Amino acid sequence: MILFLALISAFPPLSTDLYLPALPQMVETLAASISKVNMTLSMFFIFYAGGLLFWGPLSEKYGRKPILLIGLTIYIVSSLLCGFAATVNQLILGRIFQAFGGSAATAIATAMVKDLYCGRERERVMALVMSMVIIAPIVAPVMGAILLKYISWRAVFYALAGIGIIAIAISSTMKETIEKRYSGSPLRSLGRLFVVLKNPQFAVLLAIFSVGPMTIMSFLSTSAFIYIDGFGLNEQQYSYFLAFNAAFALVGPMLYLQLSKSFTPRGIISGGFPLIICCGIAVMTLGMTSPWVFALCIALGTLVVTVMRVPGVNLMLDQQQQDGGSASALINFFGMIMGSLGMQLVSLNSHNLIWTLGSLQLLVGLMTGCLWLLIRNRPFVLQNVYKG
């Protein structure tokens, strides 16, 4: 089950990181601007986020399996359409439908974790799934660079369609995990999103932990231009640096499990925000000196964000005894929306991407750290103190 959850959770990094090395090439072959090609990333995450709000509540009414199969079918067809795109506008449109279909996988994966596990066990499962998912951005850029060396960037989308076919074949054999389905109408099931948002404990935690993905996703959208155009690396070298960053993200969830043997989730989160601020300052002041210095500063920030992701998500899920599909949809939705916002913000200053990335990381650490200080001693946070 953990392997299956990791596979369907890997659609976001696979759908983005596999073709990141091709971004500069796509600018040339599609005769499009950098900002226009970047829209294939930002629009993907926006519609991926919107799809989460659609599929998550519906899975409460119709079950996890049917929703997953429908979403994967849309993902496969749209991936093929992306491969056949003749213009950048056609590619953006294909990515929109690809995002909408693929979002079902993320919504269902998080909901299934809520269905099957609780407490400390759920933390362990989430950490394992997150670590396994992060293997995708380690392998994907290298695979993408190899494909670009021998075949057109279009082959990347054909490969994504193939991955979707594998996922749908496995999904067809899975058992339904939701025990009690929502009995209201489909429209009312979508309304459960607002019921979850009215929970003040869930809402305030959502506001804090949805901002972290801004730092990671803004880096992904600009990394090819920084390493290839800025530092003068080729696509293959760039893929290795991206894999280096992903390796730190891979370590994050496992490091959290080790830290949680000695520290509470509350303590680990409290220590994370100052580290994010320090990493942002390091990127701003030292990142331009060399690709390795930049890579190390960014990777340390990625490590901190992924360490905090496990207890953050678990804290949010702990606030909801019901409506797991809606809660998971909202968690992933706001993470995607804030990440897409980060992509757009960092592209506003394309002449100094490294400084912009660092300043964004600094602001994220300051804002979310201050919010956390306001609620860290509240009962709904203190009750989550299990260790070991």
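Scroll up to find the structure.
Residues numbered from 1 in each chain as written. Predicted model: local features only at pLDDT ≥ 70, side-chain atom pairs only at ≥ 80, totals over all residues. Heavy atoms only, no water.

Trainee: Got a minute to help me understand the overall build of the protein in this structure?
Mentor: The secondary structure content of the protein amounts to 19 helices and zero strands. Over its C-alpha atoms the protein spans a radius of gyration of 20 Å, differing by no more than 12% from the 21 Å that the globule rule assigns to 388 residues. Taking the principal axes of the C-alpha coordinates as reference, the protein spans close to 50 × 45 × 30 Å. Burial analysis of the protein (388 residues in total) assigns 58% to the buried set. Long-range contacts, defined here as pairs at least 24 residues apart, represent 86% of the contacts in the protein between residues at least 6 apart. Each charge class in the protein was averaged separately, 23 positive and 12 negative side chains, and the resulting centres sit 7 Å apart. (Helix = DSSP H or I, 4+ residues; strand = E, 2+ residues; numbered from the N terminus. Rg over C-alpha atoms; globule rule 2.2 N^0.38 Å. Buried < 20%, exposed > 50% of the residue type's maximum accessible area, 1.4 Å probe, protein only. Contact = heavy atoms within 4.5 Å. Lys, Arg positive; Asp, Glu negative; His and termini not counted. Charge placed at Lys NZ, Arg CZ, Asp CG, Glu CD.)

Trainee: Would you mind showing me how to read a nonpolar patch on the surface here?
Mentor: A contiguous nonpolar patch, built from Leu80, Phe84 and Tyr158 and spanning about 310 Å² of accessible area, is present on the exposed surface. Along the chain, phenylalanine 84 falls in the loop between helix H5 (64-83) and helix H6 (88-116). (Patch = residues over 30% accessible without salt bridge, like charges linked within 9 Å, V, L, I, M, F, W, Y side chains within 5 Å. Areas by Shrake-Rupley, 256 points an atom, 1.4 Å probe, with all protein chains shown as cover. Salt bridge = Lys/Arg side-chain N within 4 Å of Asp/Glu carboxyl O.)

Trainee: Would you mind showing me how to read the packing of aromatic side chains here?
Mentor: Each aromatic ring pair is described using two quantities: the centre-to-centre distance and the angle formed by the ring planes. Scanning the model with the defined rule gives 17 aromatic pairs in all. For the pair phenylalanine 54 and tryptophan 55, a centre-to-centre distance of 4.9 Å together with 75 degrees between the ring planes defines the contact as edge-to-face. Ring geometry for phenylalanine 209 against tryptophan 372: centres 5.9 Å apart, planes inclined by 65 degrees, an arrangement best described as edge-to-face. Here tryptophan 372 lies in helix H18 (residues 353-375) and phenylalanine 209 lies in helix H12 (residues 200-209), a separation of 163 residues in the sequence. In textbook terms, an aromatic cluster arises when at least three aromatic residues are bridged by ring pairs, as seen for Phe219, Tyr227, Phe231, Tyr238, Phe241, Phe244, Phe248, Trp292 and Phe294. The aromatic ring of tyrosine 62 is capped on one face by lysine 61, whose charged end is 5.6 Å from the ring centroid. (Phe/Tyr/Trp six-rings, centres within 6.5 Å; stacked < 30°, edge-to-face > 60°. Lys NZ or Arg CZ within 6 Å of the ring centre and 35° of its normal.)

Trainee: Can you walk me through the packing of helix H7 (residues 119-133) against helix H16 (residues 291-318) in this structure?
Mentor: Orientation of H7 relative to H16, taken along the N-to-C sense of each, is 135 degrees, at an axis distance of 10 Å. The angle between H7 and H16 falls in the class oblique. As H7 runs across H16, the sense of the crossing is right-handed. Between H7 and H16, the contacting residues are Gly119, Arg122, Glu123, Met126, Ala127 and Met130 on the first element and Arg309, Val310, Pro311, Val313, Asn314, Leu317 and Asp318 on the second. Of the residues belonging to the contact of H7 with H16, the class tally is seven nonpolar, two polar and four charged. (Axes fitted to C-alpha atoms, helices over the stretch in contact; angles between N-to-C directions. Parallel < 35°, antiparallel > 145°, perpendicular 65-115°, else oblique. Left-handed = near helix turned anticlockwise from the far one by under 90°. Nonpolar A, V, L, I, M, F, W, Y, C, P; charged D, E, K, R; others polar.)

Trainee: Please explain the nonpolar core as it appears in this structure.
Mentor: Nonpolar side chains tend toward joint burial in soluble globular proteins. If you look at the biggest cluster of nonpolar residues, it comprises 115 residues, and the most contacted ones within it are Met26, Phe294 and Trp372. Beyond its immediate stretch of four places on either side in the chain, tryptophan 372 contacts Leu205, Ile208, Phe209, Arg266, Ile269, Ser270, Phe273, Leu315 and Val381. (Core = buried A, V, L, I, M, F, W, Y, C linked by side-chain atoms within 4.5 Å.)

Trainee: Explain the packing of helix H1 (residues 2-9) against H7 here, please?
Mentor: When two helices pack together, their arrangement is given by the angle between the helix axes and the distance between those axes. Two numbers describe how H1 lies on H7: the axes approach to 9 Å, and their chain directions differ by 50 degrees. In this view, H1 runs oblique relative to H7, as classed from their interaxial angle. Read as a crossing pair, H1 and H7 show a hand that is right-handed. Along the contact surface, H1 presents Ile2, Leu3, Leu5, Ala6 and Ser9, while H7 presents Val125, Leu128, Val129, Met132 and Val133. Residues that form the contact of H1 with H7 fall into these classes: nine nonpolar, one polar and no charged.

Trainee: Quick question: what am I supposed to make of the side chain of asparagine 332 here?
Mentor: Here asparagine 332 shows up in helix H17 (residues 324-347). Look at asparagine 332 and you get buried, because its relative accessible area is 12%. At a separation of 2.8 Å, a polar atom in the side chain of asparagine 332 contacts the main-chain carbonyl oxygen of serine 328. Discounting residues that sit within four places of it in the chain, asparagine 332 has contacts with Leu52, Thr106, Thr110 and Arg309. (Polar contact = N/O pair within 3.5 Å; in protein donor to acceptor, adjacent residues only side chain to side chain.)

Trainee: When you look at H1 in this model, what are you seeing that I'm missing?
Mentor: Turn by turn, an α-helix covers 3.6 residues, leaving residues three or four places apart pointing in a common direction. For H1, the complete set of buried residues consists of Phe4, Leu5, Ala6, Ile8 and Ser9. Against helix H2 (11-17), H5, H6, H7 and helix H9 (154-171) lie the buried residues of H1.

Trainee: What is the right way to read the side chain of glutamine 361 from this model?
Mentor: Counting through the fold element by element, glutamine 361 comes out in helix H18. Take glutamine 361: its relative accessible area is 5%, and that puts it in the buried class. A polar contact is formed between the side chain of glutamine 361 and the backbone nitrogen of glycine 280, at a distance of 3.3 Å. Setting aside its immediate chain neighbours within four residues, glutamine 361 contacts Thr215, Ile276, Cys279, Gly280, Val283 and Gly301.

Trainee: Is there a simple way to think about helix H14 (residues 235-259) in this case?
Mentor: Under the 1.5 Å per step criterion, the end-to-end length of H14 is 36 Å for 25 residues, consistent within 8% with the ideal 36 Å. At proline 253, H14 shows its maximal bend, which comes to roughly 30 degrees. Listing the buried residues of H14 in full gives Tyr238, Ser239, Phe241, Leu242, Ala243, Asn245, Ala246, Ala249, Gly252, Pro253, Tyr256 and Leu257. (Expected span 1.5 Å × (residues − 1). Bend = angle between axes of the 7 residues up to and from the residue.)

Trainee: Help me out: how do you make sense of the pattern of salt bridges in this one?
Mentor: Side chains carrying opposite charge are able to pair once their charged atoms draw close together. Throughout the structure, instances matching the rule amount to three salt bridges. For arginine 64, the salt bridge is made with glutamate 60, and the minimal N-O distance between the two is 4.0 Å. Exposure remark for glutamate 60: the relative accessible area of 10% places this residue in the buried category. With a shortest N-O distance of 2.5 Å, arginine 122 and aspartate 318 are connected by a salt bridge. Of this pair, arginine 122 sits in helix H7 while aspartate 318 sits in helix H16, placing them 196 residues apart in sequence. Connected via shared salt-bridge partners are Glu60, Arg64 and Asp115.

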